[in-house]
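Geometric and topological summary
One-letter residues, chain by chain:
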Amino acid sequence: MLAAPALAAETEEVVIPCQGTVAAEEVSLVSEDSSEALMMLEEGEQVVLLSGDPESELALVAYEAGDEVLTGCVEQSALTLQSLGRATVLTERATLLDAAGEGGEELLNLTRESPLLVLGYADGWYCVQAQGLTGYLPETSVCADLTTTSKLNLRAEADADSESLDLIPKGTELTPVDGTEGWYQVTYDGQNGYVSAEYVAVPEDYQVEDPTMTGGEAVLAYAQQFLGNRYVWGGTSLTNGCDCSGYVMQIYAEFGVSLPHSSSAIRGYGEKVSYDEMEVGDVVCYSGHVGIYAGNGQIINALNSRKGICYTNVNYAPIVTIRRML
């Protein structure tokens, strides 16, 4: 039995949904507080594990019952996690952690080409099984084919200011030969160099969709990863600096929505909604500014060079329009 993905204690940790199968003849799906039995699940039925503590008897799962999604807890011993594919360790050494993100503790030291079973991927982290243990590795430690999500530079070194050796077109498939924090080493057109992990995508086969998350919630979850990063006027890099429209443009590009790099032009995209209809993930447009609604009367936005990417009161300035992009 594989241990379930670790429960995220704070926003610093990443919850990675994984596909699970009921391995017992039947198991009870109970409410999150264990006060109510929701339904019985039979052997072979599919669930999505949303979180779980390896030291707990229960794991939080989502189960699609027709058009309804039920969220509750089941006994971990009655579940088996499904492998989504095989991979290997990319870097010379890698440390398998018990949680994805800054709070993870060491489980196991791995070496280059150690075999991995991929259980899930989200927000730059893989959930994997290695040597019988289930844990987490950063994306640049795992060897999996990549696809460029935009035009990007092949750099001589793993540095945004390094010499550009070539320009790689969007949609190019790359096979990494090594990794370092935030960068992959690749070979392109006979040249060896580095590409930023920000502009490449891992195979969709390694990702399990959380059925309980709305489109707007997914947008916000992705946008929150870049809190505290720099504001750069005219910039479009979520890690090295962007302005307000560059931030919104790049966040929505992750979800297949192409937006212009212009706060005024963005007003013409998506569906207009009223202030009272505003939901998490909606784009809030002001005169000369744009942000993403984060709930609780706040937007998340690239505000200025002093505050960078931060939360701001949604009514900090008169709202011109609110647009729903998904």
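Residues numbered from 1 in each chain as written. Predicted model: local features only at pLDDT ≥ 70, side-chain atom pairs only at ≥ 80, totals over all residues. Heavy atoms only, no water.

Structural notes on the packing of aromatic side chains
Aromatic ring pairs are defined here through the distance separating the ring centres and the angle between the ring planes. Here is the rule we go by: Whether two aromatic rings pair depends on their centres lying within 6.5 Å, for rings of Phe, Tyr and Trp, where Trp uses its six-membered ring; planes under 30 degrees apart make the pair stacked, over 60 edge-to-face, and the rest tilted.
Evaluated as defined, the whole model comprises five aromatic pairs. Ring pairing ties together the aromatic residues Y121, Y126 and Y206, which thus form one cluster.

Topic: unusual backbone geometry
Of all residues except glycine, most have a negative phi; of all peptide bonds, most are trans. The line we're drawing: For helices the rule is a DSSP run of H or I covering at least 4 residues; for strands it is a run of E covering at least 2, with both sets numbered from the N terminus onward.
Positive phi, close to 50°, is recorded for D189, a residue that is not glycine. By secondary structure assignment, the location of D189 is in the loop between strand 22 (183-188) and strand 23 (191-196).

Observations concerning the side chain of S162
To keep things clear, this is the line we draw: In protein, a polar contact means a hydrogen-donor-capable atom and an acceptor-capable atom, both N or O and within 3.5 Å, with residues adjacent in sequence counting only if both atoms are side-chain atoms; elsewhere, any N or O pair within 3.5 Å suffices. What makes two residues a contact is simply this: any of their non-hydrogen atoms within 4.5 Å.
If you trace the backbone, S162 turns up in the loop between strand 18 (152-155) and strand 19 (164-168). At a separation of 3.4 Å, a polar atom in the side chain of S162 contacts the main-chain amide nitrogen of A156. Sequence-distant contacts of S162, that is, excluding residues within four places in its chain, are made with R155, A156 and E157.

Things to note about the sheet that holds strand 17 (residues 146-148)
How we decide: Pairing between two strands requires that DSSP report at least two bridges joining them.
Read from one edge of the open sheet, three strands run 20-17-24, paired in antiparallel fashion. Two strands in the sheet have a free side with no partner beyond their single neighbour: strand 20 (173-174) and strand 24 (200-201). Bridge analysis of strand 17 against strand 20 gives two bridges, and the strand direction is antiparallel. When the sheet's bridge partners are listed, L146 is paired in strand 20 with L174.

Topic: the pairing of strand 32 (residues 319-324)
Taken together, the three bridges between strand 27 (residues 271-273) and strand 32 define a ladder with antiparallel strand orientation. Note that in strand 32 the partner of E271 across the bridge is R324. When strand 28 (residues 283-286) meets strand 32, the two strands line up antiparallel, connected through four bridges. Across the sheet, the residue bridging to C285 is T321, located in strand 32.

A look at the side chain of T140
By secondary structure assignment, the location of T140 is in the loop between strand 15 (133-138) and strand 16 (142-143). A distance of 3.4 Å separates the side chain of T140 from the backbone oxygen of T180, its partner in a polar contact. What T140 contacts, discounting residues up to four positions off in sequence, is L90, T91, G179, T180, E181, G182, W183, Y184 and A197.

Here's the deal with the pattern of salt bridges
As a reminder of what qualifies: In what follows, salt bridge is the name for a side-chain nitrogen of Lys or Arg lying within 4 Å of a carboxyl oxygen of Asp or Glu. Buried, partly exposed and exposed residues are distinguished by accessible area as a fraction of the type maximum, computed with a 1.4 Å probe on protein chains only: under 20%, between the cut-offs, and over 50%, respectively.
Across all of its chains, the model carries three salt bridges by this definition. Residues R324 and E279 are paired through a salt bridge, measuring 3.8 Å at the closest nitrogen-oxygen approach. Within this pair, whereas R324 is found in strand 32, its partner E279 is found in the loop between strand 27 and strand 28, the two being separated by 45 residues in sequence. For D282, the salt bridge goes to R324, with nearest N and O atoms at 2.9 Å. Residue D282 is found in the loop between strand 27 and strand 28, and its partner R324 is found in strand 32; the two are separated by 42 residues along the sequence. A relative accessible area of 3% means that D282 is categorised as buried. Beyond isolated ion pairs, a larger network of salt bridges with shared partners links E279, D282 and R324.

Topic: the nonpolar core
Inclusion rule: Put simply, buried Ala, Val, Leu, Ile, Met, Phe, Trp, Tyr and Cys residues joined by side-chain atoms within 4.5 Å make one nonpolar core.
Membership of the largest hydrophobic core comes to 30 residues, with the highest contact counts inside it found for L110, L116, Y126, L137, Y184 and V195. Of all the secondary structure elements, the ones that give two or more residues to this core are strand 9 (85-89), strand 10 (93-97), strand 12 (106-111), strand 13 (115-122), strand 14 (125-130), strand 18 and strand 22.

Points about the packing of helix 1 (residues 215-223) against helix 2 (residues 244-253)
In plain terms, the rule: Comment: axis = line fitted to C-alpha atoms, over the contacting stretch for helices; angle = value between 0 and 180 degrees taken between N-to-C directions. Orientation labels follow simple angle bins: below 35 degrees gives roughly parallel, above 145 gives roughly antiparallel, 65 to 115 gives roughly perpendicular, and whatever is left gives oblique. The sense of a crossing depends on the near helix, which, turned anticlockwise from the far helix by less than a right angle, makes the crossing left-handed and, turned clockwise, makes it right-handed. Nonpolar residues are Ala, Val, Leu, Ile, Met, Phe, Trp, Tyr, Cys and Pro. Charged residues are Asp, Glu, Lys and Arg, and all others, Gly as well, are polar.
Packing of helix 1 against helix 2 leaves a shortest axis separation of 10 Å and a crossing angle of 120°. One element, helix 1, and the other, helix 2, form an angle in the oblique class. Helix-helix and strand crossings are classified by hand; for helix 1 and helix 2 the assignment is right-handed. Across the interface between the two elements, V219, Y222 and A223 of helix 1 pack against Y247, Q250, I251 and Y252 of helix 2. Looking at the contact of helix 1 with helix 2 residue by residue, the classes come out as six nonpolar, one polar and no charged.

Looking at the confidence of the model for the chain
Rule in force here: For every residue, the predictor assigns a confidence score, pLDDT, that lies between 0 and 100.
Across the chain, the average pLDDT comes to 90, with 95% of residues at or above 70. This stretch, residues 6-11, has a pLDDT under 50; its non-local contacts, to residues over four places away or in other chains, come to nine contacts.

What to know about the sheet that holds strand 29 (residues 289-295)
Taken together, six strands build an open sheet; the order of strands is 27-32-28-29-30-31 and the sheet is antiparallel. Strands at the two margins of the open sheet, each flanked by one partner only, are strand 27 and strand 31 (308-313). Each adjacent strand pair in this sheet contributes to an overall mean axis angle of 40°, direction not counted. Sheet topology note: the strand 29/strand 30 (residues 298-304) ladder contains three bridges and is antiparallel. Its bridge partner being in strand 30, Y293 is matched across the sheet by I299. Packed on one face of the sheet, helix 1 meets strand 29 and strand 30 and runs near 110° to strand 29. Packing against the sheet, helix 2 makes contact with strand 28, strand 29, strand 30 and strand 31, and its axis sits at approximately 50° to strand 29.

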